[in-house]
There are 2 protein chains.
Amino acid sequence: MKSDQPKLTSSVGKRLAQRRQGVTLADVARIAKVSEITVSRVLRRQGAIAESTRERVLDAVQHVGYVPNRLAGGLASSGSKLVGVIVPSLTNIVFPEVLDGIRSALADTGFQAVIGVSDYDLNTEEELVASLLAWRPEAMVIAGVEHTPVARAMLEGSGVRIAEIMEIDSQPIDLAVGHSHRQAGYDTGRYLIDKGYRRFGYVGHDWTADRRAQLRHDGLVMALAEAGLELIDRSLHDGPSSTASGRSVLAALLSRQSALDVVVFSNDDMATGGVFHCMSAGIVPKVDLGLFGFNGLDIGQALPTPLSTLRSNRFLTGRTAIEMLLRQRDRPMQPEIIDTGYQILPGATA
Amino acid sequence: MKSDQPKLTSSVGKRLAQRRQGVTLADVARIAKVSEITVSRVLRRQGAIAESTRERVLDAVQHVGYVPNRLAGGLASSGSKLVGVIVPSLTNIVFPEVLDGIRSALADTGFQAVIGVSDYDLNTEEELVASLLAWRPEAMVIAGVEHTPVARAMLEGSGVRIAEIMEIDSQPIDLAVGHSHRQAGYDTGRYLIDKGYRRFGYVGHDWTADRRAQLRHDGLVMALAEAGLELIDRSLHDGPSSTASGRSVLAALLSRQSALDVVVFSNDDMATGGVFHCMSAGIVPKVDLGLFGFNGLDIGQALPTPLSTLRSNRFLTGRTAIEMLLRQRDRPMQPEIIDTGYQILPGATA
DNA sequence: CTGTTAGCGCTTTCAG
DNA sequence: CTGAAAGCGCTAACAG
């Protein structure tokens, strides 16, 4: 394998054999017969370099297959070109979508994201904050505004810019990007009440892990209360949201409570499962029973009866967070909040 | 904000004010009245340390809120505790699932994954290889076995262990973990032929981006040929797979070709869309038309008629890749291949 | 346009 | 059990 590499100047070859390490700037400099800093400048396109030396350096780089060492570069320049990102999950598709927005904003900036997954656990999140901060990121994106006191202290104390995303219902440390979940729940209630629904049921998943789902629920209940209504019944799945559980939990709810005219789900995964249950049970969505989700996932819109739901803008949220963070390296005097909003997708199930 | 931090010894406070940088080992050492190396040892639990000094150091760390600098640590020890990972996409759920397997294998090892997304583009992948290698990862995981010559050379030359995952149909650089897509396609064909299907159609997505889908297709055609059969018709969507396109492309195929008794889809996303089309068009899966997917996604199994498909083991693939890589730091003499296999899920659509 | 001199913050020797 | 000295590979800050 090693022998497949291009042949190197013997001195470099020897050093490599001894070190097992990679080629360094010094190696390139020696071959190009310039100083290390000149190589460094060429590679970073910084400062004026004579075209002839530039070529010589680039040739040398090619020749020895030099790959810069960012650990060293970051240390020397105290600028890691890293952004730390913490999300609760990868299996819930909304988070990969946020990451995709982050990726798109980071493209061509030279920044790399280092991603941590907290698994909806605040203590895990705290550990991740510490370990990501150890990479000296130049900014940090973290889902949610709820953190352990220690995690919060580390984030505040780090001095780097922090975007707390997906939620703007509380005051952020520095910047919040997302939308109000309480308001989304409230708007869901208003929309359905306006449609004439009166007998509300709710199908949800584990709240202790997903407080944003709870905020939406609370907003919904608030809208109902204002209209003199209340949730007639609700059923919660003890675990993360999924199509399968949406299906079974709706079945359970309906088996004990037949008087509902609409069911609001904690999100589209659950609601899609609900639609599947209806299909199996011969219940016609909207006609026999209204169903309403949250997120506006593609899958829900591709259903034979497209899901009535609220679309949140995950990609935009990720993208905006990064754009804001990179725009200004110092924290603002006042915490800032950016609402990326949501839209009602009327669909065909409510 | 800054003033909310715990009060620091005045000397440290002054240095911080000057540097805007974080607290360093030296600061902790001064406060604990030990040398830097002792602090370092305590933090890395390395070498014997008197319990009393250990406590003194830990107190100091707490007091000043010290966060180690991994750039410096990695540089000094030439060990980054980083694993580079490159996947083609985050929006196709199978990749987040692989990442989750990687994450689970990395948990409690002290390693961090740095993730790059190639967007199914080999040139982008090449850039990612270079930029991830610059972080001096101790191992690298990359989806697929197809790379640009330059990317391949960098991977080989890096000396670090490389796992090429999701595909074992070609010879890997170092280690391959996944399953044979050609074989999966072949087995799909055998399974359906044994079921009595004879008139095959195919609905797929963009092959240029997803060569594993093409391999499955080729395997399918091979099985058909062995049985003296051939694909009667096929329709390809010019873009990534999605439920929506599976739906419309099946509709298009059926509108021009009514003699099919089974349609094989490039994956479960497409197949789920196909099932949705059938629901809308009054076609009864399995009875009127067989449908077969690939991946074994949850959504397919939660359908009113669970999808007949092949389940690939994404989580296991990610997890196994990391376990193998961390088990042995040197590349094996011979490239190694690990088959994480797949299972037929009979379902109810074929 | 190019080079010299000092580190960045930590860990690896090697001593004691 | 603890420390002093010497870098890791690169870049900032000055020269020239």
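Please read these numbers as outputs of a predicted model, since none were measured by experiment. (Residues numbered from 1 in each chain as written. Chains lettered and ligands numbered in written order. Predicted model: local features only at pLDDT ≥ 70, side-chain atom pairs only at ≥ 80, totals over all residues. Heavy atoms only, no water.)

**Thoughts on the interface of chain A and chain B**
Many authors give the size of an interface as the accessible area that is lost as the parts come together. Facing 54 residues of chain A, the contacting portion of chain B comprises 54 residues. For the chain A and chain B pair, buried surface summed over both sides reaches about 5000 Å², with 62% attributable to carbon and sulfur atoms. Counting across the chain A and chain B interface gives 10 residue pairs in polar contact (both at pLDDT 80 or more). The residue inventory of the side of chain A that touches chain B, partitioned by class, reads 29 nonpolar, 14 polar and 11 charged. (Contact = heavy atoms within 4.5 Å. Buried area = accessible area lost by both parts, 1.4 Å probe. Polar contact = N/O pair within 3.5 Å; in protein donor to acceptor, adjacent residues only side chain to side chain. Nonpolar A, V, L, I, M, F, W, Y, C, P; charged D, E, K, R; others polar.)

**Focus: the sheet that holds strand β7 (residues 231-236) of chain A**
Residue and element names in this part refer to chain A. A sheet is described by the order of its strands in space; here four strands give the open sequence β7-β6-β8-β9, paired in parallel fashion. Unpaired on one side and paired on the other, β7 and β9 (290-292) mark the two borders of the sheet. Taking each pair of neighbouring strands and ignoring which way they run, the sheet shows an average axis angle of 20°. Of the pairings in the sheet, the one linking strand β8 (residues 262-265) to β9 comprises three bridges and is parallel in character. (Pairing = 2+ DSSP bridges. Helix = DSSP H or I, 4+ residues; strand = E, 2+ residues; numbered from the N terminus. Axes fitted to C-alpha atoms, helices over the stretch in contact; angles between N-to-C directions.)

**Some details on the pattern of salt bridges**
When the charged atoms of two side chains lie near each other, side chains of opposite charge can form a pair. All names here are of chain B. Under the defined criterion, the tally for this structure stands at 24 salt bridges over all chains. Two residues, R161 and D174, come together in a salt bridge whose shortest N-O distance is 2.7 Å. In this pair, R161 is assigned in strand β4 (residues 161-165) and D174 in the loop between β4 and β5 (175-178), connecting sequence segments 13 residues apart. Grouping residues by exposure puts R161 and D174 together as buried. (Salt bridge = Lys/Arg side-chain N within 4 Å of Asp/Glu carboxyl O. Buried < 20%, exposed > 50% of the residue type's maximum accessible area, 1.4 Å probe, protein only.)

**Details of the domain arrangement of chain A**
For chain A, the domain assignment lists domain 1 (22-66), domain 2 (79-179 + 313-342) and domain 3 (181-312). Taking the mean C-alpha position of each, domain 1 of chain A and domain 2 of chain A sit 36 Å from one another. (Domains from an automatic or database assignment.)

**Considerations on the protein's contact with DNA strand C**
Every one of the 28 residues lining DNA strand C counts as a neighbour, but R41 of chain A together with L25, I37, S40 and Y66 of chain B are closest to it. Within 4 Å of the protein, atoms of DNA strand C come from sugar and phosphate in 66% of cases. For DNA strand C, a phosphate oxygen lies 3.0 Å from a polar atom in the backbone of S35 of chain A. Contributing elements (two or more residues each) for the surface near DNA strand C: α3 (36-44) and α5 (70-77) of chain A together with α3 (36-44) and α5 (70-77) of chain B. Residue contributions to the surface near DNA strand C peak at five residues, all from α3 of chain B. (Near = heavy atom within 4 Å.)

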